Amino acid sequence: MSRGRWVITDGSRWFFDAGADSLDFTAGPDSEVRHWIAERFERVPEAEIGERELADALALRAAIAGVAASVADGEPCQHDDIDTLNLFAATPDVPPVLAGGRRQAGAGRIRVGQALSSLARDAIVNVGGDPERIRRCAAPECRLVFHDESRTGTRRWCSMQRCGNRAKVRAFRGRAESAAG
Ligand SMILES: [Zn+2]
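The present account deals with the structure reproduced in this document. Small disclaimer: the values here were computed from a predicted structure and weren't measured. Residue indices begin from 1 for each chain and proceed along its sequence in written order. It should be noted that, the model being predicted, local features are given only for residues of pLDDT at least 70 and side-chain atom pairs only at 80 or more, the latter also being counted only at that level, while totals for whole chains, interfaces and linings use all residues. Here the side-chain values reflect all heavy atoms present in the structure, with hydrogen atoms and water set aside.

### Side note on the coordination of the zinc ion
What counts is decided by this rule: For Na, K and Ca the donor cut-off is 3.2 Å, and for all other metals it is 2.8 Å, counting N, O and S atoms only; because water is absent from this set, sites may look incomplete. Under the classification used here, a metal with four donors is tetrahedral if each angle lies between 85 and 135 degrees, square planar if opposite donors are over 155 degrees apart and the others between 65 and 115, a six-donor metal meeting that same test is octahedral, and anything else is irregular. Strands here mean DSSP runs of E at least two residues long; helices mean DSSP runs of H or I at least four residues long; both are numbered from the N terminus. Between buried and exposed lies partly exposed: a residue is buried under 20% and exposed over 50% of the maximum accessible area for its type, with that area taken using a 1.4 Å probe on protein chains only.
Every protein donor of the zinc ion is listed here as C137 (SG), C142 (SG), C158 (SG) and C163 (SG), and their distances to the metal cover 2.3 to 2.4 Å. Around the zinc ion sit 4 donor atoms, and with donor-metal-donor angles ranging over 102 to 117° the site reads as tetrahedral. Ordering the donors of the zinc ion by residue number gives the pattern C-x4-C-x15-C-x4-C. Here C142 is found in the loop between β3 (134-136) and β4 (145-147), whereas its partner C158 is found in the loop between β4 and α6 (160-180), with 16 residues between them in sequence. Just as C142 is buried, C158 falls in that class too.

### With respect to helix α3 (residues 51-72)
Applied cut-off: In this scheme, a helix's expected span is set at 1.5 Å multiplied by one less than its residue total.
Its 22 residues give α3 an end-to-end C-alpha distance of 31 Å, which sits within 8% of 32 Å, the value for a rise of 1.5 Å per residue. Residues of α3 that are buried include every one of L54, A57, L60, R61, A63, I64, G66, V67, A68, S70 and V71, and no others. One or two residues past the end of α3 sits G74, with phi positive at roughly 70°.

### Some words on the nonpolar core
Condition: The nonpolar core is taken to be a set of buried Ala, Val, Leu, Ile, Met, Phe, Trp, Tyr and Cys residues, with the residues joined through side-chain atoms within 4.5 Å. Contacts were defined at the residue level, with two residues in contact if any of their heavy atoms lie within 4.5 Å.
F25, I37, F41, L60 and L116 are the most contacted members of the largest nonpolar core, which totals 44 residues. For this core, the secondary structure elements donating two or more residues are β2 (12-16), α1 (21-26), α2 (33-40), α3, α4 (79-89), α5 (112-128), β4 and α6. Per element, the largest residue contribution to this core is 8 residues, and it comes from α3. Beyond its immediate chain neighbours, meaning those up to four positions away, F41 contacts W36, V94, I110, A115, S118 and L119.

### With respect to the layout of surface pockets
Definition in use: In this analysis a 1.4 Å probe is tested at points of a 1 Å grid over the protein atoms alone, and where it fits but cannot get out there is a cavity; an open set with protein on both sides within 12 Å along at least five of seven lines is a pocket; lining residues have an atom within 4 Å of a point. Grid points are joined across faces, edges and corners, and a volume is the space filled by probe spheres set on the points. All amino acids are sorted into three groups, where Ala, Val, Leu, Ile, Met, Phe, Trp, Tyr, Cys and Pro are nonpolar, Asp, Glu, Lys and Arg are charged, and the leftover types, Gly among them, are polar.
In this structure, the largest pocket encloses a volume near 240 Å³. The set of elements that each furnish at least two residues to the lining of the largest pocket consists of β1 (5-9) and α2. Here the lining of the largest pocket gets 4 residues from one element, more than from any other, and that element is α2. Class assignment for the residues of the lining of the largest pocket results in 2 nonpolar, 2 polar and 5 charged. The space that makes up the second largest pocket amounts to roughly 170 Å³. Of all elements in the fold, only α3, α4 and α5 reach the threshold of two or more residues within the lining of the second largest pocket. Among the elements that take part in the lining of the second largest pocket, α5 stands out by supplying 4 residues, more than any other. Its residues assigned to classes, the lining of the second largest pocket shows 5 nonpolar, 3 polar and 3 charged.

Shape descriptors only; they carry no functional weight alone.
So, in structure tokens, the structure goes:
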């Protein structure tokens with residue numbers, strides 16, 4: 001389940017829920033990757049994401065973005081991207097924790113590699129495993145990739161507030177013009 005993220009494009013800040021954590025991860029600039037990981041995985045201290053961990057994160061991010069774009073466009077994925085996803089997914093991920101126990105097993109900090117493994121697994125399940133629901137925003141100037149989690153499977157836009165409303169305004173103007181003409 002994705003929680004979405006704030007993205008800045010063309011100077012405006014807006015909320016993008018990509019429908020999968022791994023796709024949220026691929027949105028936004030490289031410079032925000034450290035902060036995003038620490039925010040999404042609360043038990044990963046931002047200070048522990050060193051140069052090597054950051055390089056790993058950026059490599060995984062590029063591979064997820066590559067696979068997502070290929071799946072959305074109905075094209076075969078690059079073998080290198082698939083290998084990268086499988087490599088990260090094969091390492092230990094962030095274990096789920098049930099609250100209310102008396103021991104602290106699993107409650108401590110987690111390593112960056114575990115967070116990356118969780119993101120790779122999410123991409124395999126939600127992007128690779130649900131190709132019919134991986135689509136691009138219908139706005140020609142946008143084309144952001146999302147995972148359609150809607151019950152009806154009819155999501156068309158990256159965000160209703162952004163591209164959805166722009167399209168509505170355009171359609172309205174089109175109707176007004178043809179009515180005037
Ligand atoms: Zn869009």
